[in-house]
Amino acid sequence: MTSTRMSRAERVDAATPESRNRVVDFLRAAAITVVVLGHWTIIAVDADGGILPHGVLDGATWTHPLTWIFQVMPIFFLVGGYSNALSWRSARRKDVGYGQWLRTRLRRLGIPLIPLLLAWLVIGVVAVAAGAPNATVQLASQMALIPTWFLAAYLMVIIVAPPCLLLWERFGWFSILGVLALAAIVDALSLAANQPLLGYPNYLLVWAAFHQFGYAWLDGRLSGAGRRLLLAVIGLVGLLLLVTVGPYPVSMITSAADDISNSSPTRITMAFLGMLQAGLVLSLEKPLTALLARPRLWFVTVLVNQRIMTWFLWHLTVMVGVAHLLLALDARALLPEPLTGLWWATRPLWALVLLALTGVVVLVMGRFEDPRGDDRPAPPVWKPIAAAVCVIAGLAVMASVGVMGESGVTWWWPLLPVAGLWGRSSSRPLKPGRLDVPTPPPALP
């Protein structure tokens with residue numbers, strides 16, 4: 001068959017290098033799908049109570065064990081470790097320095113953030129000027145910007161990825177055990193003092209440690225069914241001990257029904273959840289590899305990955321917008337009481353509507369995932385680090401309080417990441433992306 005007669009899926013398949021691990025891309029795409037559908041389900045909208053951030057988990061404790069399946073953030077860090085190790089080793093071979101490497105990763109991760117942050121800054125100002133209560137705007141922006149907590153944590157891990165890779169290459173599994181031991185100490189101090197703030201270092205420690213399992217996967221240190229099963233068993237036993245003997249709740253997602261949270265701040269439980277999930281999904285690597293050899297499935301995987309940041313960043317903004325429109329119209333017929341039989345029965349329709357609307361946003365905003373090539377000289381190391389710190393600081397605050405404070409719109413928080421990206425990583429003009437060739441693994445794992 002000539003290239004002119006080949007379908008787009010077949011062209012993408014033919015253009016994919018044999019060396020590419022397609023399972024990495026598939027797991028990234030599958031994980032983002034679970035996150036999006038999970039958020040649209042967990043966050044309930046009540047005609048009288050408004051938006052309930054964790055409505056399902058708060059009102060139906062039987063769903064808490066299901067979070068061991070649907071809390072898939074560890075999978076992002078697993079594939080992120082694989083991709084970042086591959087990327088940094090390639091940079092070392094080409095004599096690309098840390099500053100230039102970090103700038104490239106930051107631009108891919110940060111540039112799609114800019115329109116979202118500016119949009120919510122404008123929404124906040126306009127809503128307050130129109131008379132909307134500060135509390136309403138704060139909750140709406142906080143819900144919409146939930147994805148930013150992950151990006152802040154992931155950026156921290158990217159900053160330390162090269163030195164962590166050196167530790168992995170030098171000390172192997174001990175480099176993971178050592179960081180997890182530090183994370184356990186941080187958790188113990190935080191829980192003993194009943195101060196969640198003391199647990200915030202674990203956003204870096206836990207995820208940086210688990211990120212290295214991606215290094216192990218890349219280096220073949222997790223090859224074989226036996227090792228992968230052992231990893232899953234270690235994760236399962238560790239989790240069971242922590243939630244039965246230890247003080248940790250069963251739910252891996254924050255719930256008002258629990259006194260403490262496993263995810264805010266990140267707890268040591270998330271590392272064991274990651275081991276369980278990694279052991280299970282890697283056990284499926286061979287059959288997944290065979291399935292992904294099919295051009296159509298691989299094409300869908302590539303398509304999702306090309307716009308994965310846009311899906312991730314905007315899916316809750318769409319949901320918040322639809323929810324407030326229905327609440328403003330008092331459309332009670334379209335807002336059944338959460339957790340009733342009718343509510344559960346309408347969840348597929350709810351997801352399909354949000355999927356369609358988010359798809360429109362992706363078509364408009366997806367171009368920001370295609371920054372032009374950067375041929376500038378390598379920057380001083382401090383510049384991309386300073387840019388990353390600005391992004392992390394702004395995102396961390398907005399993930400907790402949105403764009404509102406007691407005195408009104410806190411415009412400096414959404415502008416801090418924008419200023420960091422513009423001033424230190426120096427964004428370049430953008431161009432529309434193409435969907436007919438595979439792209440490198442995105443900065444988002």
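Worth saying up front: this structure is predicted, and the values here are computed from it rather than measured.

Reading guide: rules and limits
- Residues numbered from 1 in each chain as written.
- Predicted model: local features only at pLDDT ≥ 70, side-chain atom pairs only at ≥ 80, totals over all residues.
- Heavy atoms only, no water.
- Helix = DSSP H or I, 4+ residues; strand = E, 2+ residues; numbered from the N terminus.
- Buried < 20%, exposed > 50% of the residue type's maximum accessible area, 1.4 Å probe, protein only.
- Contact = heavy atoms within 4.5 Å.
- Polar contact = N/O pair within 3.5 Å; in protein donor to acceptor, adjacent residues only side chain to side chain.
- pLDDT = per-residue confidence, 0-100.
- Expected span 1.5 Å × (residues − 1).
- Salt bridge = Lys/Arg side-chain N within 4 Å of Asp/Glu carboxyl O.
- Axes fitted to C-alpha atoms, helices over the stretch in contact; angles between N-to-C directions.
- Parallel < 35°, antiparallel > 145°, perpendicular 65-115°, else oblique.
- Left-handed = near helix turned anticlockwise from the far one by under 90°.
- Patch = residues over 30% accessible without salt bridge, like charges linked within 9 Å, V, L, I, M, F, W, Y side chains within 5 Å.
- Areas by Shrake-Rupley, 256 points an atom, 1.4 Å probe, with all protein chains shown as cover.
- Phe/Tyr/Trp six-rings, centres within 6.5 Å; stacked < 30°, edge-to-face > 60°.
- Lys NZ or Arg CZ within 6 Å of the ring centre and 35° of its normal.

Along the chain, Asn84 turns up in helix α5 (residues 73–93). Overall, Asn84 belongs to the buried group, its relative accessible area being 1%. Remark: the alpha-carbon pair of Asn84 and Ala387, spanning 303 residues in sequence, is separated by 19 Å. Aside from chain neighbours lying at most four places away, what touches Asn84 is Trp101, Arg105, Tyr154, Ile158, Ala161 and His211. Engagement of the side chain of Asn84 in a polar contact is seen with the side chain of Arg105, the distance being 2.6 Å.

Another point: the confidence of the model for the protein. Low pLDDT marks stretches whose predicted atomic positions should not be read closely. Mean pLDDT over the protein: 91, with 93% of residues reaching 70 or higher. Contacts for the low-pLDDT stretch residues 425–445, under 50 throughout, to residues beyond four places or in other chains number 82 contacts.

Moving on, we get to helix α19 (residues 382–401). With 20 residues, α19 extends 29 Å from end C-alpha to end C-alpha; this agrees with the ideal 28 Å at 1.5 Å per step. Of the residues making up α19, those classed as buried are Pro384, Ala387, Ala388, Val391, Ile392, Gly394, Leu395, Met398 and Ala399. The positive-phi residue at the C-terminal boundary of α19 is Gly402, with phi of around 70°.

All chains considered together, the criterion is met by 11 salt bridges. Note that Glu169 and Arg89 form a salt bridge whose closest N and O atoms lie 3.1 Å from each other. Note that Glu169 is positioned in helix α9 (residues 147–171) and Arg89 in helix α5, a separation of 80 residues in sequence. Among the residues examined, Glu169 registers a relative accessible area of 37% and is labelled partly exposed. Residue Arg89 is classed as buried on the basis of its relative accessible area of 18%. When the shortest N-O distance is used, the salt bridge between Glu169 and Arg92 registers 3.0 Å. Here Arg92 lies in helix α5 and Glu169 lies in helix α9, a separation of 77 residues in the sequence. In the salt-bridge network here, residues are joined through shared partners; they are Arg89, Arg92, Glu169 and Asp219.

A pair of packed helices is captured by two measures, namely the crossing angle of their axes and the spacing between those axes. Running from N to C, helix α16 (residues 308–328) and helix α18 (residues 347–365) point in directions that differ by 125°, and their axes come no closer than 9 Å. Between α16 and α18, the angle is such that the two are oblique. As for how α16 packs across α18, the hand of that crossing is right-handed. Across the interface between the two elements, Thr310, Trp311, Trp314, His315, Val318, Met319, Val322 and Leu326 of α16 pack against Trp350, Leu354, Leu355, Leu357, Thr358, Gly359, Val361, Val362 and Met365 of α18.

Together, Trp62, Leu66, Ile69, Phe70 and Trp344 give the surface a local cluster of nonpolar side chains, amounting to about 540 Å² of exposed area. Relative to the elements of secondary structure, Trp62 occurs in the loop between α3 (55–59) and α4 (67–70).

Next up on the list: the environment of Leu240. Mapping Leu240 onto the fold places it in helix α12 (residues 225–244). Given a relative accessible area of 40%, Leu240 falls into the partly exposed group. On a C-alpha basis, the gap between Leu240 and Phe272 in space is 9.6 Å, while along the polypeptide they are 32 residues apart.

Tallied over the full model, the rule gives 20 aromatic pairs. When the ring of Tyr200 is compared with that of Tyr203, the centres are 5.4 Å apart and the planes differ by 85°; the resulting orientation is edge-to-face. Its relative accessible area of 13% is what places Tyr203 among the buried residues. Members of the aromatic cluster, joined through ring pairs, are Phe76, Phe77, Trp149, Phe150, Tyr154, Tyr200, Tyr203, Trp207 and Phe312. A cation over a ring is seen here: Arg367 above Phe368, with NZ or CZ 5.6 Å from the ring centre.

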